[in-house]
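# Examination of the molecular architecture
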Amino acid sequence: ELFRTVRIVLDSRLRIPLNAKILQQTKHTSTIIATTHQASLKKTEVLRSKGVDIIMIPRKGIHVSVTDCLKELGEMGITSMIVEGGSKINASFLREKVVNRLMLYIAPSVFGGNKAIGWLDNVILPRPIDLLNVDIKEIGDDFLIVGEVR
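Residues numbered from 1 in each chain as written. Predicted model: local features only at pLDDT ≥ 70, side-chain atom pairs only at ≥ 80, totals over all residues. Heavy atoms only, no water.

The next subject is the overall build of the protein chain. Counting secondary structure elements, the protein chain contains 3 helices and 8 strands. When its C-alpha atoms are laid out on the principal axes, the protein chain stretches across 45 × 40 × 30 Å. A buried classification covers 28% of the 150 residues belonging to the protein chain. Within the protein chain, contacts between residues separated by at least 24 positions form 54% of all contacts whose residues are at least 6 apart in sequence. Here the protein chain displays about 10700 Å² of accessible surface, and carbon together with sulfur accounts for 53% of that area. The average position of the 21 basic charges and that of the 16 acidic charges among the side chains of the protein chain differ by 7 Å. (Helix = DSSP H or I, 4+ residues; strand = E, 2+ residues; numbered from the N terminus. Buried < 20%, exposed > 50% of the residue type's maximum accessible area, 1.4 Å probe, protein only. Contact = heavy atoms within 4.5 Å. Areas by Shrake-Rupley, 256 points an atom, 1.4 Å probe, with all protein chains shown as cover. Lys, Arg positive; Asp, Glu negative; His and termini not counted. Charge placed at Lys NZ, Arg CZ, Asp CG, Glu CD.)

Counting 10 residues, the largest nonpolar core is built from Val9, Leu14, Ile16, Ala20, Leu23, Ile33, Ala39, Leu47, Val52 and Ile54. Residues contacting Val52, with those up to four places away along its chain left out, are Leu23, Gln25, Thr31, Ile33 and Leu47. Counting 9 residues, the second-largest nonpolar core is a separate cluster that includes Val66, Phe93, Leu102 and Leu104. (Core = buried A, V, L, I, M, F, W, Y, C linked by side-chain atoms within 4.5 Å.)

Glancing now at the sheet that holds strand 6 (residues 101-106). Across the sheet, which stays open at both edges, the 3 strands sit in the order 6-8-7 with antiparallel pairing between neighbours. In the strand order of this sheet, the two ends are held by strand 6 and strand 7 (131-139), each with one partner. Adjacent strand axes in the sheet meet at a mean angle of 15°, parallel and antiparallel pairs treated alike. As judged from the 7 bridges shared by strand 7 and strand 8 (residues 142-149), these two strands associate in the antiparallel manner. In the sheet register, Glu138 faces strand 8, and the bridge partner there is Phe143. (Pairing = 2+ DSSP bridges. Axes fitted to C-alpha atoms, helices over the stretch in contact; angles between N-to-C directions.)

When its volume is computed, the second largest pocket comes out at roughly 680 Å³. Taken together, 21 residues line the second largest pocket, and the ones lying closest to its centre are Val6, Ile8, Ser80, Met81 and Ile82. When residues of the lining of the second largest pocket are traced back to their parent elements, those giving at least two are strand 1 (5-10) and helix 3 (87-95). It is strand 1 that provides the largest number of residues to the lining of the second largest pocket, a total of 6 residues. By residue class, the composition of the lining of the second largest pocket is 13 nonpolar, 5 polar and 3 charged. (1 Å grid on protein atoms, 1.4 Å probe; cavity = no way out; pocket = protein on both sides within 12 Å on 5 of 7 lines; lining within 4 Å. Points joined across faces, edges and corners; volume = space filled by probe spheres on them. Nonpolar A, V, L, I, M, F, W, Y, C, P; charged D, E, K, R; others polar.)

Here it is as structure tokens:
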């Protein structure tokens, strides 16, 4: 088997619900949760009994250290990944300069209001993120913007 889907969840306090669909193991998928010592030992044991791999990663502030997590995953043979996350996860990977390629999907729908959250929300990055070799594709009504991060 050349490729196997490994879902990786960063959850510093192990707040993931025990019935979350991402925890369902199959023949072709598995789940690793990267957490910190802030996590409940009891919940760690329950998740391990469900077949979920738990890795303890040092904190950076109150969150899982992205760079330490990637080092640990690399030691496990995981050298490439797709990051799907909210604004804080997206920003932390960009801030740590561990993103090679950025893929943004843009839909022709506008959401707004004070509680609307964008892909980077109100997160401040230390510098602009410049993209090289940018490609824009139309996919149905949506657009996909792909670029290499400089």
